[in-house]
Amino acid sequence: MTGITYEDFLDLSYEPSDTDLVCDFHVEPAADMDMEAAASRVASESSNGTWAELHVDDFVDLSATACGIDGSRVRVAYPDALFDPGNMPQVLSCIAGNIMGMKAVDRIRLLDCTWPEPLATSFPGPGFGSGVREEIFDAGDRPILATVPKPKVGLPTKEHAQVGYEAWTGGLDLLKDDENLTDQSFNPFEDRLTESLAQRDRAEEETGEPKSYLVNVTDETATMLERVDRAAEEGCEYVMVDVVTAGWGAVQSVRDACEDHGIAIHAHRAMHAAFDRIESHGVSMRVIAQIARLCGVDQIHTGTADLGKLANEDTVGINEWLYSELHGLNDVLPVASGGLHPGLVPELVERVGRNVCIQAGGGVHGHPDGTHAGAKALRQAVDATAAGVSLEEYAADHPELAAAIDLWGTETPR
Ligand code: CAP
Ligand code: MG
């Protein structure tokens, strides 16, 4: 009989193999628990163990190993055979499942994962990644620019599409639905899709520039797949999914459908802060971004490097990982959004670079002369930055930019 006890899951001499998934956690043990005991329980509960001593003979040993403890940082190595290839919900049920609520720890946060080739390449990764900037837009080396109509919900379809026309002809590349706009009576999905694309076609005709639309397909999976098909039929280059509220299994289904149609995926991350805002507990945005890349989104919101209105996080570090080599999988284009306006563009580009998408809602539609002027001001701020000219100097003969910086300066809104 083989007894499995918690102590079997700790081996600080173990060197992870190159097919192990290696996860780093922040762990705060419960009052009556030392770190080694807590680390063993994390490895046990997230792989094949439980609280009672087990006496079994005929089983495949899929035990994880707590193989590193450095202060509050615990490293756990998971054998490749524990995981169901290509099944992100199952992976997360291991590495971010029961352990998040176990009494052996007061706090636990999944900080970072090192993804081995067999597991990583069991997922499709992004179809385009940052290649969207060349393959969908000819944006050169400037950031691609997006806006989202505001108020975020409530605009009737025609007004929504008109905002798109004003923004696209003002120089922006992308119109984006807001995270909670899907198929409500005041702006039904089907009408919004066709009306917005009609305005997109007009704007492309008038500007000679490629324009696109991030239509939000978020819903239960069957409906999302129908909406992906409709977006493809209407010639849309993208769909947008609220990846956290929709769920990763659903995102994988949408990715498969988008592969068939050659459509890119914009990932909105609403609800991520439920997991990643409290530094000592949950799942880091870094890991959420890793999951999103493996599941195959092409662009994802990763914050504004503390320039915007929402809680700060390691935007630069996360973006670096999104661009990094990952067993041949495409990279992901980071999206900076949340409280941005033209006056913040130079500092934002200084912090995150140009291989990004910059989204501004209030920072476009709140312009004193309206959406079209606001879009021109945002594009002018990006063009000035790309040309290495200060906003003040550029604003001398660009009145829309001048009005924006008169109103908002270079301050971060709260
Ligand atoms: C931004 C936004 C985005 C946030 C999401 C909003 O609007 O549309 O959803 O950027 O946060 O609803 O707040 P503004 P994040 O441009 O008017 O602020 O990008 O951090 O995921
Ligand atoms: Mg929004």
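Reference entry: report on the structure contained in this document.

This part covers the sheet that holds strand β7 (residues 144–147). Across the sheet, which stays open at both edges, the eight strands sit in the order β9-β8-β7-β15-β14-β13-β11-β10 with parallel pairing between neighbours. The open sheet has two free edges, formed respectively by β9 (212–214) and β10 (238–242), since each of these has just one partner strand. Within this sheet the neighbouring strands show an average axis-to-axis angle of 25 degrees, counted without direction. Taken strand by strand, helix α5 (residues 157–169) contacts β7, β8 (174–176) and β9, and its axis lies near 150 degrees from that of β8.

Right, let's get into the packing of helix α2 (residues 88–95) against helix α9 (residues 248–261). Relative to each other, α2 and α9 sit at 155 degrees, their axes nearing to 8 Å. Judged on the interaxial angle alone, α9 and α2 are roughly antiparallel. Residue-level contacts link Met 88, Pro 89 and Leu 92 of α2 to Trp 248, Gly 249 and Gln 252 of α9. Among the residues making up the contact of α2 with α9, the classes are represented as four nonpolar, two polar and no charged.

The strands making up a sheet associate through backbone hydrogen bonding, with each pair oriented either parallel or antiparallel. A sheet is described by the order of its strands in space; here five strands give the open sequence β4-β5-β2-β6-β12, paired in mixed fashion. Two strands bound the open sheet, and with one partner strand each, they are β4 (65–70) and β12 (282–283). Summarising the sheet, strand β6 (residues 105–114) and β12 pair through two bridges and their orientation is parallel. Note that in β12 the partner of Leu 110 across the bridge is Val 283. On the sheet, α2 packs against β2 (21–29), β5 (73–78) and β6 and is oriented at approximately 40 degrees with respect to β2.

Two descriptors summarise a pair of aromatic rings, namely the distance from one centre to the other and the angle between the planes of the rings. Applying the stated rule across the entire model yields two aromatic pairs. Residue placement shows Arg 293 over the ring face of Trp 321; its charged tip is 5.1 Å from the ring centre.

The subject of this paragraph is helix α11 (residues 285–295). Burial within α11 is extensive, with ten of its eleven residues counted as buried. Within the span of α11, buried status applies to Met 285, Val 287, Ile 288, Ala 289, Gln 290, Ile 291, Ala 292, Arg 293, Leu 294 and Cys 295. Two residues or fewer past α11, Gly 296 is found with a positive phi of approximately 110 degrees.

What follows deals with the coordination of the magnesium ion (ligand 2). Where a metal carries four tetrahedral donors, each ideal angle is 109.5 degrees; where it carries six octahedral donors, the ideal angles are 90 or 180 degrees. The magnesium ion (ligand 2) binds to the protein through Asp 178 (OD) and Glu 179 (OE), with metal-donor distances spanning 1.8 to 2.0 Å. You'll find Asp 178 and Glu 179 in the same group, each marked buried.

This part is about the side chain of Arg 142. By the secondary structure assignment, Arg 142 is in the loop between α4 (132–135) and β7. Among the residues examined, Arg 142 registers a relative accessible area of 9% and is labelled buried. When near neighbours in sequence (up to four residues on either side) are disregarded, Arg 142 contacts Arg 133, Asp 173, Arg 354, Arg 379, Val 382 and Asp 383.

Turning to the site of ligand 1, a few remarks are in order. Ligand 1 sits among 17 residues. The nearest are Lys 152, His 301, Lys 309, Ser 337 and Gly 339. In the model, an oxygen atom of ligand 1 is placed 3.1 Å from a nitrogen or oxygen of the Lys 150 side chain. Between Gly 361 and ligand 1, the recorded distance is 2.8 Å, taken from a backbone N or O atom to an oxygen atom. Contact with the protein chains covers 92% of the free accessible surface of ligand 1, which is 480 Å². Looking at the shell around ligand 1, its residues break down into three nonpolar, eight polar and six charged.

Definitions and cut-offs
Residues numbered from 1 in each chain as written. Chains lettered and ligands numbered in written order. Predicted model: local features only at pLDDT ≥ 70, side-chain atom pairs only at ≥ 80, totals over all residues. Heavy atoms only, no water. Pairing = 2+ DSSP bridges. Helix = DSSP H or I, 4+ residues; strand = E, 2+ residues; numbered from the N terminus. Axes fitted to C-alpha atoms, helices over the stretch in contact; angles between N-to-C directions. Contact = heavy atoms within 4.5 Å. Parallel < 35°, antiparallel > 145°, perpendicular 65-115°, else oblique. Nonpolar A, V, L, I, M, F, W, Y, C, P; charged D, E, K, R; others polar. Phe/Tyr/Trp six-rings, centres within 6.5 Å; stacked < 30°, edge-to-face > 60°. Lys NZ or Arg CZ within 6 Å of the ring centre and 35° of its normal. Buried < 20%, exposed > 50% of the residue type's maximum accessible area, 1.4 Å probe, protein only. Donors = N, O, S within 2.8 Å, 3.2 Å for Na, K, Ca; no water. Near = heavy atom within 4 Å. Polar contact = N/O pair within 3.5 Å; in protein donor to acceptor, adjacent residues only side chain to side chain. Areas by Shrake-Rupley, 256 points an atom, 1.4 Å probe, with all protein chains shown as cover.

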